Structures are given as C-alpha cells and as structure tokens.
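Okay, here's what each chain looks like letter by letter:
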Amino acid sequence: MSELRLGFPGNEKKVEVPASDGPAPWDLGTQLDVVGGDHPRLEAPLKVSGRARYSYDIRFPNLIYARLLGSPHAHAKVRKLDLSKAKAYPGVLYAEDLTRGGTVRYAGQAVAGLAAISEEVLADALSLIEVDYEVLPHVVSVEAALAKGAPTVKGRGGNAGRARVRGRKKRVEAAHKAADVVVDATYRTQVQTHSCLETHGCVAKWSGDQLTVWASTQGTFSVRRSIARALRIPGKNVRVITEHMGGGFGSKFGADVWDVFCCKAAKATKRPCRLMLDRAEEHLAGNRPDSIQRCKFSAKKDGTLLGAEVRSLGTGGVGGGAGVFNPGIYSFQATYSEHRDVATHASRARAFRAPRHPQGVFALEGMLDELAEKIGIDPLALRLKNDPHPVRQAQWKRGAKEIGWSRRKASGSGTGPLKRGFGLAGARWKHNGRPGSVVLVRISRDGTVEVRNGAQDIGSGARTLMATLVAEELGLQPSQIEVHLGDTRDPVGPASGGSTTSPSIAPPTREAAYEAKKALLAQAARALGVPADEAKGWGLRAGKLTGAKKALPFAKVCALLQTETVEASGRGEGSDFRLPRFAREVAGCQFAEVEVDVELGTVRVLKVVAVQDCGTVVNALTARSQINGAVIQGVSYALFEERLLDPGSGRQLNPGLLGYKILGSLDLPEIVSIPMSVANGITSTGVSSLGEPPAIPTAGAIANAVANAIGARVRSLPITPDKVLAALAAGEEEK
Amino acid sequence: MSTAYLKPASLEDAYTARAEHPDYVLLAGGTDYMVGILHRPAPVGVIDLFGLSALTGIEAGEGVLRIGAAATYAVVLTDATVSESFPSLRTCVSEIGATQIQARGTLGGNIGTSSPVGDTLPVLLALDAILELGSSRGTRKVAYAEFCTGYRQTLLKEDEVIVAIELPLPSPGVQFWRKVGTRKAQAISKVMVAASARGSGETLTDVRLAMGAVADRPIRLGAVEALLEGQVPSLELAEQVRAAVADAITPISDLRSTAPYRLRSAQNLAARFVLQRVEAQA
Ligand SMILES: Cc1cc2nc3c(=O)[nH]c(=O)nc-3n(C[C@H](O)[C@H](O)[C@H](O)COP(=O)(O)OP(=O)(O)OC[C@H]3O[C@@H](n4cnc5c(N)ncnc54)[C@H](O)[C@@H]3O)c2cc1C
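Every chain is numbered independently, its residues counted from 1 as its sequence is written. Chains carry letters and ligands carry numbers; both start at the beginning, A for chains and 1 for ligands, and go up in the order they are written. Where totals are concerned, whole chains, interfaces and linings use all residues; where local detail is concerned, this predicted model gives features only for residues with pLDDT of at least 70, and gives and counts side-chain atom pairs only at 80 or more.

Focus on the pairing of strand β12 (residues 201-207) of chain A
Residue and element names in this part refer to chain A. Exposure is read from a count of other C-beta atoms within 10 Å of each residue's own; the residue is exposed at 12 or fewer, buried at 20 or more and partly exposed in between. C-beta atoms are placed from the backbone. By the criteria applied, helices consist of DSSP H or I runs no shorter than four residues and strands consist of E runs no shorter than two, each listed in order from the N terminus. Most of β12 is tucked away: five of the seven residues are buried. By definition, two strands form a pair when at least two bridges between them are found by DSSP. Where β12 lies against strand β13 (residues 210-215), six bridges are found, and the strand directions are antiparallel. Counterpart to S207 in the pairing with β13 is Q210. Turn length for the β12-β13 hairpin, with the two strands adjacent in sequence and antiparallel, is two residues, and the turn residue G208 shows positive phi of about 65°.

The following block contains the structure:
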C-alpha cells in the first residue's frame, strides 16, 4: 500500500491505495516540472498562419463536389422524385434518391444527393431535381405539438413522450408543507445551434477497396465504425483522418447521411469527393433542445432547502434528449422531477456541450435566488449553507472575492438608467475518463520523441496535453515532443464526448512515456556497462539523466540505444477511471457582474469569474482557454442565440449568421478563468473532465445578475432587451 | 450572360454612363449591394463609383460642410470638421459595421439604399442635410427630408448620381445619437434616434428629432419637435415626449424585435435626449 495526499491546499485528505507497477499517481506532495505550467498549443503556429489543414481544406486535382437537396416542407410525403433532368445536366456525375420512408419530417431534411464536377454545376443541377410533395400539416413548437388535434410527428400516439420520473411526489409535497417559503415559477430556454466554425462534412477518397475519409469529426473511430457499417465494408478498410477540426460541441460523432453519400459518390465515380455543409444546413445538424421548466421549490426561514419539484417539457425535434438537469447540485430534503420529450417537425437535437445542464442550471439557480430573495438571505450564503461539495465550498469563496461580491446591493436598488447587478451559479460534472485507449510513445536514437494516438483534437489542445505529460515523464519540454493525432491507423482513442478525451488519454500517455523511459534507461545502462540494479535509481529530469555518475544530456542517453527506437504502449491499465477518492464529482461555479440599461433593456456583461475544478491542471494556458471558450458560449446563449422557426412554414427564419446572432467581440465581458487543481486519486495523472462543466453555469449567473440589477426577473433565455423591459413593466404593475 | 463593368474616370463620364445605361447598377463601396448577391440575378452592368475623386472629398466651406457621396466612412471619421461640428454623425459612423465595412461603405450608399434601418439617415434628417444630385442635365439640391419617399424609394432619377451631402454650418449645439441592435456591433438596428437643437441657454430651439426602424422609412417626428420647441428640458417634458412618441409612431414586429419593444425603446431614447440636457444642467 502507498499513501496519497488528496484534495487541495486548505482541504487535504490522506488515502491509502494499493501500490501498482506503473507510475506512482501524482498527489499534493508531487513536485511537477512542466505539468501545471502555461504551454502554448503545439499547433498554434500552423493555425495562425493558415497552414493547418482542416477537412474543409483538403483538395485533390480531380476532386468532385457533392450536396444534398433538402425538403422545403416541414412535413410531407414524397409522391415522386425525378432525378433524370439533374442527371442529364452536363457535369453531374452521380445522383441518389434519399427519401427512405418517403416522408420528410422537418424542413431541410435531405431527399436527394448530387455529385458534380463543380459547385456551380451542383447549384444548377439541384434546381433540376423534381419532387412531387404531398404537403402534410406540421408542428414546430412544444405548445403546438401538445395542442388538441395536433398532427403527429412519429406515427402513432401523441407527440408527448413517456414521462421520466425521478423521486417521490409524496415526499416532496411533505417537504413543501414544512416550508416557510415556497416559490412557484416557470422557466424557459431556447433552441441553440452548435454553429461550429467548420461545418460538418468530409472528403472521401478510394484506392481500390480502401477508403480514406477526411472528416470534420469529434470521433475518428466512431466515424470509421459508422461508415463501415453504412457501406457494409470491413472497418479495417476505412481510414479516418482529422488532423485539425473547427468545432463539434457534440454535433459531430458519427457518419451522417451526407458523409455516407459523399463516400458512395466517390466510389461510384472513382474520384475523390467533397461534401461540406453550408451554414443553413449546419443549423439543421444538431442543436441544444429548448425547455419549459415548471418549478416549485421550498425552504426554511434559515435557508435550509427543503423540496424541489420540477416538471419539464422540451423538444429535440424529430429526435429526443430534451431533458434538463434540474434539480441537482444542492442538498434538498426531497426532490421530484418529471420530464417529457415532445416531438416536433424540427431537425434532431444532438449532444451539445454539457447536454441538459445549462438549461437546467439556469432554472435551478434562478429558483434558488428567488428563494433567497423571499427569505431575505444573501444568495451566496444560501449556496454555502446547502452545497455539499467540499471543492465548490472553497470555489464559492474564491469567486466571491474575485468578483467583489460584497459590492452587491439589494435587487433593483440602483439609481439612474444603468443598473449594476451580481449573480452566481454552480455546476457539477462527472469524472468522465474511460479505459480502453492506447497511446504509443517512441523515442529515437536521434533524441526525438513521438507520441501517437488515433483520436482527434476537438480543439481542447489534446496534443499539447499529451506532449506535456510525456515531457514531464522524460524530463523534457512539451515543445520537444511531437504528437500525432487524428488518424485511425494509429492506436485507438476516445471520441470527444462527455469531456472524456483528456481524462481518458492522459493515463495511457503517461504510462507509455513511463515504460518507454524504462526501456531507454535499461538500454543506456547496458551500453554503459552499469548493472541493472545500480541503474534502478536513474531518472530523467531537466533534460538530463539523474541518479547516475554522469548527468548525460537526454540526446546522449538516446544515442546509446542499440535499436533505432524504443517504443512503448500505454493502456491506462494501472488506472481506475471510476474511482475518485476525494470528491465524487467535478465542481465549478461562476460569478457575473452585469450592467443593464433599464430604458433600452440591453444587458452588458461586464465580468465573469469562473472557478473550475480540473482534477490535475496539465496545461494552465489551455485550461483557461477551455474555460474562456465555455464562458463566451455561455454569454452568447444567455443573451443572443436563438433558433427561430416559422410556425407557418416550419422553416428556420434565421438560417445564417446574419439572423442567428452569436455574440461579437464587443459583447465579451472580462473573463477571469481560474482553473483549480484538485488531487482526486483517479488514475495515475488525476486529469479530469474540463470541456463541458464551465459551459454550465454562465447563463444562470448572468440571469441572476440581471435580476439583481433590475429588481425583476427574466425567466426566459435568451435575455433580450424586450424581455427585460417586459419584466420591468410587470414588476411595476405588481407594485 | 456576363455583367458589364464601367469605371468612370470623371464625374462627367459617370453622368454619361448613367444616361446611356439606365439599367446598370451604381456601385460605391458595394457593402449594401453585395449582400445577398448570389440570391439575385446578376445585374446587366455595373457603374463603379468607388474612389472617384470628384465624389470623395470633404470640404468645409461658407456655411456648409460638403461630404462627397463616395467618401468612405473611414475618411469621414478622420475629418476635423465632422469631429468638431457634427459629433452625432461621427459617433453614428464610428458604430457602422466594423473596420472593414467602414473602409468601403459610404454615405452615398446608405442614402442610395435609404432603407428604414440605414443608420446615418436619421442623423442626416436631424442635421438638415441637403443632397446634391447630378446628371448630364445639370445638378439640383434636395433636402434629405424630401428625398426618401417610401420603403427604399427615393427621388433619385434614372440618370442621376448622388454627388455630395451638405450639412449646414454652424452646426446645432445640441446633438444626440443612439442606436440599439441585437449586439454591440455588426447587427441591424432595432431602433435609432437622432436629434439636434440650437438656441442659447437652456431653451431648445430649432429642434429636430428623427428615428429609424420605426416606420417604412427614416422619419422626423414633427409633433415631438413642436412639443420641444422653445421648451426648457425637464423631467415633465421628458414624460410628455414619451407620450408624444407613442402617438407619432407605429413600429412593427419582425425577426429582430417586437413592436412593443421598439415603441418603448424609441420613447425612452427620445426622452433621454431631454434628460441628458437636464442632467447636463444639474
Ligand atoms: C457586415 C455589414 C455591416 C453593416 N453594418 C451597417 C451598420 O451598422 N449600419 C448601416 O447603416 N449599414 C450597415 N451596413 C450596410 C452598408 O454598409 C451601408 O449602408 C453603407 O453605407 C453602404 O454604402 P456602400 O457605398 O457600400 O453602398 P453600395 O452597396 O455601393 O450601394 C448601395 C446603394 O446605393 C446606391 N448608391 C451608392 N452610391 C451612390 C451614389 N453616389 N449615387 C446614387 N446611388 C448610389 C447603389 O446603387 C446601391 O443601390 C452593413 C453592411 C455589412 C455588409
């Protein structure tokens, strides 16, 4: 057994763990040289100079282009689809009818695909496809889908799915009865689209029966699997490459209809084929579903939380997954929740950066503030009283100090048209590392170090993370390590979903480096004629051999190799991914300061402080980048983004970035990102999930700050100026 | 069929081209015209005025500042007289699009389109701008207040070119400009309010109050101007302005905003014009 010092400074816990043959897990006592520092992304020079090749940039001399034709109707039967004129158009090389069941269930759903020698030819030829639709009635909102006599989206039965129930109604009702204050309110959130900078799609190229696909994806291996399945070919015949990628956020896991079409067109024409969606199509390729959350929360006068009851509805369009994370985070005496997915004639929801969480936490934290207001207790005090998480307890205090929480005044008490407000919200996530990934580390005689894994870097800086871990183990700098990612010919790696990539890939990376180091030192000892026993105490640090008579530089040690390289694979076998030993969940919280113009209803977010548990912070620079990005996306969700569907036609009214507004640089607040290292004893590295958790609390914190500023609450996202003025007017009337 | 392209070297050439090709499109910065170009049939021809020196100068003369119709916003922003005498125009121009758009966009283009959401147009109304229109037949002057006759409709004749915008000097001592969009920049305005007044001391005289995005064209609110004329700003006056604005406009709901919001924010912005004077005097 060995002892680990876990937790964080100020809250330490000692834990006994079984000893392993692998590298000893890092804990609070470990002195790390490069892990935890600021390391610029290895690929940054390529990206800022435009040399990084995204799937979008892959070109071949005889490349052909493909596009799909979408239905103009939200619900229709395809009576007849005639491709003959389009096929006959000069330059068209391949065409396919994609109307599987003959019915389209959302506007923009693909009915046919074409491939041609140029995008111009494609545009012309697409207009020659003749489709005879029998237009059927549609519904695109939850309300309309639940109305009496509404057309059904998924065949038989109503549009409301089965209720998913958690908790016991009786218990929560009893809790409410014992309460001093009860708040009843309905919160709503909008549909947000992923709006990935690089749209979805791929370039496909065949060589005999071997297919190479350059895919914009967050799962190279999941694309390999789904393409192989769709084309009925062995997985080994499919190679997927994603060297760099322009955003996925949960919308790019498998091969989609357009990817499969692209591969087929390439096969049929024996030419490489490219199909990348345009922005309007990208808006159809996934979204964060909306929600209506009817909440009833109760508490005692002293701020003890009692009951939390939530009845929610949401639509994932023709898909599902519209649940909300509400209630949660805090210790309630009793909770009850009931959720129904409602089907509508709209494109399918997909996982989106912390699915269910931002929308749930917006309502949850709003309800807590409403309780606090009614009780007359400070919102921060209410959190501290009811938050069971040891890490978040510390984070609340840290964040409060950073934002200057003591400056917060009673809600609506400011004078003049510009009013300041402060708000906060919390988040939780799981330690989501998974076993199964394999990382190869190869050290060459010339002193170069190579790291290989087939997973993609979704944008989090996975390359640099891996380089930093290997550098730590080998006593080098991250910039000295060459990392190859995003090619399924290399060892298997995770799909980037659930914030799994870093925690899954870190342990095998460290173990591979550890094993490679052992092999290197063993060969070096042999070459120098040092007995193995004596060489046991050898190590590598600061570019040199340590523990030996002579502190040989790393390159000289490598030069002693008898073989051209030493290689080792890490499998993370010495790591238990499901065993956090300090706190079961990842904790985070955010604070927002806003300024609201009460004459115009405009909200300006001045500052956001985000304190985020990262497990081990491997690269503080990219950790802050993750948090910054999440906050930016959160501000945009809170104030701007909203997919609007026309009830009449079922089509999107704002299908481009002109109408679908994402925040601009002038709308950015000052962001103070505080990544926090917490030693959790999970795996040999302690790296945990970071991509999603900081995306959770931003909207909730901003909404609470707005309510504090104006003394009235907007219970609907996005918080647009008209809603702010309406809330103020409603507040006036109540008085 | 390809689009013909003409780049006149002089104003006379431009007039001739215009007279000979009434079906060609006039182009300055192209920042309005090019939006959505792929979704429209290609034009028969283009007459490109961008950079035509006769149209790009800015000159302060006797009783008037003359801004060439094809002077870019970037150039307008560097002009000393604009900065000193027309702060409302300067602020408005500085908030148009972003750097790239300001490097191409022109006042002539904003006026040529005369969309209800053209940002500079309420400012031009509030500053009593006069347009100089030219053609082979000669030149004429028209007040901007008369120029825009309906939704994207203007008095510009088929053979005419907007040559310059004239702003009377000395400029009004009190100027006001505010716009509201979905986000801070690069968003089409939901509401814009421009105002000006002259007069000595606290009393407002020669009041102009104009709005955009609340009607089918940029408009002046005569009734509100009359209400303010000769008055000393006060909290009560601001309240009266709110009521008068409600009587004067009937905005619509669309993708960008709702009718009640547009009305409310228009009322508050007009009241702000008054309140700012109150605060300045306090
Ligand atoms: C990203 C982006 C952001 C924008 N932001 C704003 C904004 O914040 N506020 C705003 O008001 N606008 C904005 N615009 C619209 C546009 O930039 C402005 O309206 C600009 O003033 C147009 O000027 P231009 O020279 O580019 O016009 P052009 O596109 O060249 O011309 C517009 C119209 O005017 C006519 N025209 C141009 N010059 C003359 C002339 N001398 N005589 C007669 N007719 C003429 C043309 O025939 C055409 O019909 C934006 C546009 C884009 C693309």
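Resuming the write-up.
Topic: the nonpolar core
Residues and elements named next belong to chain A. Within the largest apolar cluster, 135 residues are counted, with the highest numbers of intra-cluster contacts made by V441, V470, I702, V706 and V724. Considering every element that reaches this core, the biggest residue donor is helix α13 (residues 501-528), with ten residues. Setting aside its immediate chain neighbours within four residues, V470 contacts V441, V449, V451, I481, T509 and A513. Among buried residues, those of type Ala, Val, Leu, Ile, Met, Phe, Trp, Tyr and Cys that are joined through C-beta atoms within 7 Å form a set called a nonpolar core. Here, residues touch in the contact sense if the C-beta positions derived from the backbone fall within 7 Å of one another.

Regarding the site of the ligand
Residue and element names in this part refer to chain B. All residues are tested the same way: a C-beta atom is placed from the backbone, and lying within 6 Å of a molecule or strand makes the residue near it. Neighbouring residues of the ligand: 30 residues in total, closest A28, G29, G97, G109 and G112. The set of elements that each furnish at least two residues to the shell around the ligand consists of β2 (25-27), α5 (99-104), α6 (107-113) and β10 (161-168). For the shell around the ligand, the element with the most residues is α6, which contributes five residues. Ten residue types, Ala, Val, Leu, Ile, Met, Phe, Trp, Tyr, Cys and Pro, are classed as nonpolar, four, Asp, Glu, Lys and Arg, as charged, and the remainder, Gly among them, as polar. Taken together, the residues of the shell around the ligand break down into 14 nonpolar, 13 polar and three charged.

Considerations on the sheet that holds strand β14 (residues 219-220) of chain B
All names here are of chain B. Taken together, four strands build an open sheet; the order of strands is β11-β12-β13-β14 and the sheet is antiparallel. Both edges of this open sheet fall to β11 (174-181) and β14, since each of them pairs with a single strand only. Across two bridges, the pairing between strand β13 (residues 205-212) and β14 is antiparallel. Each bridged residue has a counterpart across the sheet, and for A210 the counterpart in β14 is R220. With axes taken as lines fitted to C-alpha atoms, and helix axes fitted only over the stretch in contact, angles between N-to-C directions fall between 0 and 180 degrees. Contacts from helix α4 (residues 87-94) reach β11 and β12 (189-198), with the element oriented near 20° to β11. Helix-sheet contacts for helix α11 (residues 259-281) involve β11, β12 and β13, and the interaxial angle to β12 is about 25°.

Some details on the domain arrangement of chain A
All names here are of chain A. Domain boundaries in chain A define domain 1 (1-31 + 389-431 + 578-735), domain 2 (55-137 + 200-276), domain 3 (152-194 + 289-353 + 362-376) and domain 4 (433-570). Taken together, the contacts link eight residues of domain 2 with eleven residues of domain 3. By residue class, the composition of the side of domain 2 that touches domain 3 is three nonpolar, four polar and one charged. Domain start and stop points were drawn from an automatic or database domain assignment.

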